[in-house]
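Each chain is listed here by its residues.
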Amino acid sequence: FPNYPNPFNCETVINFHVPRYERIVIEIFNIDGELLSRPVNDYFHPGHYNVRWRGRNSFGVSVPSGIYFYRLQTSYSSITRRMIYLK
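Residues numbered from 1 in each chain as written. Predicted model: local features only at pLDDT ≥ 70, side-chain atom pairs only at ≥ 80, totals over all residues. Heavy atoms only, no water.

> Please provide a residue-by-residue account of the packing of aromatic side chains, values included.
All told, the structure shown has eight aromatic pairs when counted by the stated rule. With 4.9 Å between their ring centres and 20° between their planes, Phe8 and Tyr85 make a pair best called stacked. Taken together, the residues span a long stretch of sequence, with Phe8 in the segment before strand S1 (12-18) and Tyr85 in strand S6 (residues 78-85) at a distance of 77 residues. An identical accessibility class is assigned to Phe8 and Tyr85; each is buried. Summarising the aromatic geometry, the rings of Phe16 and Tyr49 are spaced 5.7 Å apart at their centres and angled 25° between planes, so their arrangement reads as stacked. Of this pair, Phe16 sits in strand S1 while Tyr49 is found in strand S4 (residues 47-53), placing the two residues 33 residues apart along the sequence. A connected cluster of aromatic rings, assembled from ring pairs, spans Phe8, Trp53, Tyr68 and Tyr85. (Phe/Tyr/Trp six-rings, centres within 6.5 Å; stacked < 30°, edge-to-face > 60°. Helix = DSSP H or I, 4+ residues; strand = E, 2+ residues; numbered from the N terminus. Buried < 20%, exposed > 50% of the residue type's maximum accessible area, 1.4 Å probe, protein only.)

> Summarise the nonpolar core; cite the residues concerned and give the values.
Ranked by internal contacts, the top residues of the largest apolar core, which has 18 residues, are Phe16, Ile24, Ile26, Trp53, Tyr68 and Met83. Contributions of two or more residues to this core are made by S1, strand S2 (22-30), strand S3 (35-44), S4, strand S5 (66-73) and S6. In this structure Ile26 touches Ile14, Phe16, Ser37, Arg38, Pro39, Val40, Val51, Tyr70, Arg71 and Leu72, once residues within four positions along its chain are discounted. (Core = buried A, V, L, I, M, F, W, Y, C linked by side-chain atoms within 4.5 Å. Contact = heavy atoms within 4.5 Å.)

If you want it as structure tokens, here you go:
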């Protein structure tokens with residue numbers, strides 16, 4: 001599922017579906033491929049979930065406007081999507 005809204009200003013929501021109990025990792029990267037944040041790194045039971053990203057790195061510092069990517073990884077797949085952050 002894509003994040004919404006996109007482009008976003010204050011925050012965006014990343015939705016994901018877990019078909020079976022497994023570990024889910026969501027990581028946020030800048031355009032240079034630098035890891036900024038890992039908002040999800042845990043095991044989930046089957047179901048639909050969402051996580052909010054408020055345009056901050058793992059230290060809580062606001063990131064500048066620009067293009068970012070999130071990668072959702074499971075034990076079976078990896079999906080990368082683009083996000084645009086506008087302040």
